[in-house]
Amino acid sequence: MDSATLTFAALNARIDQLPDHESLSIAPTKRQRWGYVIGFGAGFTGLLAIKLQPDSKAVTIFAMVMIVAEIAGLLIALIPRSPWKRPGFASERREYAEQLDFDMRHEEELVAWLRTFPKERLDAMAQYVAQRHEQLKDKLPLVSGGLEKLGALPVAVALYLQFKDLHWPPHPTWLELILGFALVSLYWASLLLASVRFRAQKLGVLLQRAAESADTTPDHDDGYLAG
């Protein structure tokens, strides 16, 4: 046992250290995050530059470079993990089954580590994180409703409706710039909150699994009280 008392920070660190299946070796979550940051950041930077200096040739060239960077960033975020892989229902199901086997083996090792802690501690943490998970589920609609469940579609539609009538070089109003930036910021915040909620759910599942099969020998109880 690493310590007498289990903490959420220690368990979270263990989850972060779990290896990824080879199909996830490109780390799509991190790649998508940076792709969206580069894409939307470059897009808003270019529009803001044109808004501040609309008659400058240098600014127009700079805006074109930013648009190219925006397209490149969004492509990085949206391109499939394995574009060279032959698509098909059978191959996707087979890869998903292999990933489940891989993840289950490593999560079983994590559950075995959790079982070295007292059952009372596991039950208390599982109950507490379940309560916090419900609070996160209630908080998410207050922030963005079901925006995160629609993926990038709301952002794409909103940006299209916002800029479809613009001409080159674009001259958006300050209100359009502010609303566009607010929309993307809200979408990003909803994704971050959803990520925290998913982690809380995983913490609860692992703790509950460990608690259901944890040993309740006097040695464990004594170790917990001593901590």
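For the structure itself, consult the block above.
Residues numbered from 1 in each chain as written. Predicted model: local features only at pLDDT ≥ 70, side-chain atom pairs only at ≥ 80, totals over all residues. Heavy atoms only, no water.

S.K.: How would you explain the overall build of the chain if you had to name every residue and give the values?
M.R.: Summing up its helical and strand segments, the chain has eight helices and zero strands in all. Ordered by position from the N terminus, the helices and strands of the chain form the series α-α-α-α-α-α-α-α. Counting across all 227 residues of the chain, residues that qualify as buried make up 31%. Taking the contacts inside the chain whose residues are at least 6 apart along the sequence as the reference set, 89% of them involve residues at least 24 apart. Summed over all atoms, the accessible surface of the chain reaches about 14,300 Å², with 63% contributed by carbon and sulfur. (Helix = DSSP H or I, 4+ residues; strand = E, 2+ residues; numbered from the N terminus. Buried < 20%, exposed > 50% of the residue type's maximum accessible area, 1.4 Å probe, protein only. Contact = heavy atoms within 4.5 Å. Areas by Shrake-Rupley, 256 points an atom, 1.4 Å probe, with all protein chains shown as cover.)

S.K.: Can you explain the packing of helix H1 (residues 8-16) against helix H7 (residues 174-213)? Please cite residues and give values.
M.R.: Between H1 and H7, the least distance of the axes is 11 Å, while the angle of their chain directions is 100°. When the axis of H1 is compared with that of H7, the two are roughly perpendicular. Two secondary-structure elements touch here, H1 through Phe8, Leu11, Asn12, Ile15 and Asp16 and H7 through Arg199, Lys202, Leu203, Leu206 and Leu207. (Axes fitted to C-alpha atoms, helices over the stretch in contact; angles between N-to-C directions. Parallel < 35°, antiparallel > 145°, perpendicular 65-115°, else oblique.)

S.K.: Now, about the side chain of Glu107: what can you tell me, with residues and values included?
M.R.: Tracing the chain through its elements places Glu107 in helix H4 (residues 89-114). In contact with Glu107, not counting residues within four places along its chain, are Leu18, Lys202, Leu206 and Arg209.

S.K.: Before we move on, can you summarise a nonpolar patch on the surface with the specific residues and values?
M.R.: Where nonpolar side chains cluster on the molecular surface, the patch consists of Leu48, Leu52, Trp174 and Ile178 and spans about 400 Å² of accessible area. For the nonpolar patch, the secondary structure elements donating two or more residues are helix H2 (28-52) and H7. Among the secondary structure elements, Ile178 is positioned in helix H7. Accessibility expressed as a relative area gives 54% for Ile178, which makes it exposed. (Patch = residues over 30% accessible without salt bridge, like charges linked within 9 Å, V, L, I, M, F, W, Y side chains within 5 Å. Salt bridge = Lys/Arg side-chain N within 4 Å of Asp/Glu carboxyl O.)

S.K.: So, the pattern of salt bridges: which residues are in play, and what are the values?
M.R.: Applying the stated criterion to the full structure yields five salt bridges. The salt bridge partner of Arg209 is Glu108, with a shortest N-O separation of 2.6 Å. Note that Arg209 is positioned in helix H7 and Glu108 in helix H4, a separation of 101 residues in sequence. By relative accessible area, Arg209 is classed as partly exposed at 28%.

S.K.: Run through the packing of H1 against H4, naming residues and quoting values.
M.R.: Following both chains from N to C, one finds H1 and H4 inclined at 160°, their axes separated by 11 Å at the closest point. In terms of orientation, H1 lies roughly antiparallel with respect to H4. Our pair here, H1 against H4, has a crossing hand that is right-handed. Residues Leu11, Arg14 and Ile15 of H1 touch H4, and the partners they reach there are Leu110, Trp113 and Leu114. (Left-handed = near helix turned anticlockwise from the far one by under 90°.)

S.K.: Outline the environment of Ala69, supporting the account with residue identities and numerical values.
M.R.: Mapping Ala69 onto the fold places it in helix H3 (residues 57-78). As a C-alpha pair, Ala69 and Gly35 span 34 residues in sequence and 9.8 Å in three-dimensional space. Once residues lying within four places of it in the same chain are set aside, the contact partners of Ala69 are Ile38, Gly39 and Ala42.

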